[in-house]
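Structural description and commentary
Here's the letter readout for the chains.
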Amino acid sequence: NLIPRLFRIDNNNNPLNPDRQGNPALRPEKAWGGDLAYEAFLAQGAVLGASVYLRKIRDLKREILTQNGSGWLTTPVNDGTALARGIELEAKFDLQQLAASLPKLGVRASLARNWSSVDKVPAPDNRMAGHIAMSANLGLDYQRNSQVSLGGDFNFQGGGATRSSAFLSALSGPK
């Protein structure tokens, strides 16, 4: 991102396939923020938690698209401010804590919802690049005895539209 050399992607230069150039004047992003969290440690190692956060970001790094004499070019720049906020819920417990008749299955789960807005990009969908709006995780662990154990994890990341300028937006699917 800092090297000012021009990188030609290929000979088909257009707004969707621009060349790339670094910016030696790029500054680091700076953020002020706060976090508030609560965790409850229950019997037999069970844990419940909730947290919220808020961040005000200055010198936000964004990619801008410009047209120069020979074609299209993207360059990272420090451009304005952004606000990011979110909430996360977590739980960890054994199913047998709910009812003794259930299998000995360890459960880990979390759900996160995030919001962000970039001041210099018109709404709607003016989220920070790479800021996932929603994610969920579920993990299960089964231990038959001291020699046999099985486990698995499921992770979901929501998709959606993200607008990076007044004229450019992208749509990503869920993962």
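In what follows, the accompanying structure is described. Per chain, the residues get numbers from 1 upward, laid out in the order the sequence is written. Two thresholds apply to this predicted model, a pLDDT of at least 70 for residue-level local features and 80 or more for giving and counting side-chain atom pairs, whereas whole-chain, interface and lining totals are computed over all residues. Where side-chain values are given, they derive from all heavy atoms of the structure, hydrogens and water being excluded.

Here's the deal with the sheet that holds strand S1 (residues 6–7)
Note the following rule: Here, any two strands with at least 2 DSSP bridges between them count as paired. Starting at the N terminus, helices and strands are each numbered in turn, a helix being any DSSP run of H or I of at least four residues and a strand any DSSP run of E of at least two.
Taken together, the four strands give an open sheet; going across it, the order is S1-S2-S6-S5, and neighbouring strands pair in mixed fashion. Looking along the sheet, the strands with just one partner apiece sit at the ends: S1 and strand S5 (61–68). In this sheet, strand S6 (residues 71–78) lies alongside strand S2 (residues 19–21) in parallel orientation, the contact comprising two bridges. The residue bridging Asp19 from the neighbouring strand is Leu73, located in S6.

Brief notes about the sheet that holds strand S3 (residues 30–41)
Here is the rule we go by: Convention adopted: a line fitted to C-alpha atoms gives each axis, helices being fitted over their contacting stretch, and angles between N-to-C directions are expressed from 0 to 180 degrees.
Pairing is antiparallel in the open sheet, where six strands are placed in the order S3-S4-S7-S8-S9-S10. In the strand order of this sheet, the two ends are held by S3 and strand S10 (149–157), each with one partner. Averaged over all pairs of adjacent strands, the angle between strand axes in this sheet comes to 10 degrees, irrespective of strand direction. Of the strand pairs in this sheet, strand S4 (residues 47–58) and strand S7 (residues 82–94) are connected by 11 bridges, and their pairing is antiparallel. Across the sheet, Ala50 pairs through a bridge with Leu89, a residue of S7.

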